Amino acid sequence: MSIRRSGPISSKARFARLVICAPLILLTVCADSPLLANNAPQENQQPSSSRQVVVLLDVNPNQQKVFSLESDLAMGVLDHLNEPDDAVSLITFGSEAPVLGIVDAKPSDAIDAIKKVSPEQPGERYFSVHLYKAIDLALNQFADDARPKSLLIIAEGREDFGGKAFKQIVSRARQLRVNCYVALVARHSLRGSKSILIYGFYLSELARKTHGRCIEVGDRPKKVPRSIDRLSESILGQYRR
């Protein structure tokens, strides 16, 4: 059956059709818009199950008698984080320039590399420790992506930078979304009078300001297993909060 139009379409009818069709046209145009596509949520922006970890090991001559505690700590934490897709870099530092040992290696390979590290031999009585350069080198290793990122610093606590340099380090770590974890290992006392932290003060603040953790191990082997558990639990729990 055919229906004949009785006459020309009125202006009201044309306006009604335009009102009905306009939203459909707008939806079609927006669906093809690259701007909308760019602003849509992307699955690849979600946190990855893999992790990027950089380990800093203090090998300055003062650490000879406690270096076994340092290496046990590092290897213990990495053993807990031993996932196939995790990427670990290792940097050693001390009285000499920092050395980048391995980059984005499997945790098991990083453990093998740590076993081959030795502390520096005693030389000059007074020497500086290149901690600032080591942290700077470590931050350069992190990719700007969605992976959980952890900087694990195992050190005596001697610091070669002041407030201005500290602010720069914190700013870079936050920009890269790096959580910093610190284990202070030393033969000597870490605290002075009135129990004020005099070794690792800035390192402790770095951990606090980047939602990490600082643990004082000193020279006590009994603290190592518990410290490994606490550090590894914190690193594993970064994206569970």
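Please refer to the structure higher up on the page.
Residues numbered from 1 in each chain as written. Predicted model: local features only at pLDDT ≥ 70, side-chain atom pairs only at ≥ 80, totals over all residues. Heavy atoms only, no water.

Trainee: An account of the packing of helix 3 (residues 67-80) against helix 4 (residues 107-115) is requested, with residue identities and associated values reported.
Mentor: Following both chains from N to C, one finds helix 3 and helix 4 inclined at 170°, their axes separated by 9 Å at the closest point. It follows from the interaxial angle that helix 3 and helix 4 lie roughly antiparallel. Contacts from S71, A74, M75, L78 and D79 in helix 3 reach P107, A110, I111, I114 and K115 in helix 4. Of the residues contributing to the contact of helix 3 with helix 4, the split by class is 7 nonpolar, 1 polar and 2 charged. (Axes fitted to C-alpha atoms, helices over the stretch in contact; angles between N-to-C directions. Helix = DSSP H or I, 4+ residues; strand = E, 2+ residues; numbered from the N terminus. Parallel < 35°, antiparallel > 145°, perpendicular 65-115°, else oblique. Contact = heavy atoms within 4.5 Å. Nonpolar A, V, L, I, M, F, W, Y, C, P; charged D, E, K, R; others polar.)

Trainee: Requested: an account of the nonpolar core, with residues and values cited.
Mentor: In terms of nonpolar packing, the biggest core is built from 33 residues, with V55, L57, L73, L90, I154 and L231 touching the most fellow members. Looking at this core element by element, the count peaks at 7 residues for helix 3. The contact partners of V55, leaving out residues within four places of it in the chain, are A74, L78, V88, S89, L90, I91 and L152. Counting 32 residues, the second-largest nonpolar core is a separate cluster that includes I91, F93, L176 and A207. (Core = buried A, V, L, I, M, F, W, Y, C linked by side-chain atoms within 4.5 Å. Buried < 20%, exposed > 50% of the residue type's maximum accessible area, 1.4 Å probe, protein only.)

Trainee: Any chance you could break down the packing of aromatic side chains for me, citing the residues and the numbers?
Mentor: With the rule as written, the count across this model stands at 4 aromatic pairs. Ring geometry for F201 versus Y202: centroids 5.4 Å apart, planes at 75°, classification edge-to-face. Looking at Y202, the relative accessible area reads 22%, which means it is partly exposed. Between R158 and the ring centre of F127, over which it is positioned, the NZ or CZ distance is 4.6 Å. (Phe/Tyr/Trp six-rings, centres within 6.5 Å; stacked < 30°, edge-to-face > 60°. Lys NZ or Arg CZ within 6 Å of the ring centre and 35° of its normal.)

Trainee: An account of the pairing of strand 2 (residues 87-93) is needed here, citing residue identities and associated values.
Mentor: Counting buried positions along strand 2 yields 7 of 7 residues, so the element is predominantly enclosed. Side chains of strand 2 alternate between two faces, with A87, S89, I91 and F93 and V88, L90 and T92 buried alike. Relative to strand 2, strand 1 (residues 52-58) runs parallel, the two sharing 7 bridges. In the strand pairing of strand 2, Q52 is matched with A87. Following the backbone out of strand 1, through helix 3 and into the adjacent parallel strand 2, one traces a crossover that is right-handed. Here strand 2 folds back onto strand 3 (residues 99-105) in antiparallel fashion, the turn holding 5 residues. (Pairing = 2+ DSSP bridges. Right-handed = clockwise from strand over helix to strand, strands pointing away.)

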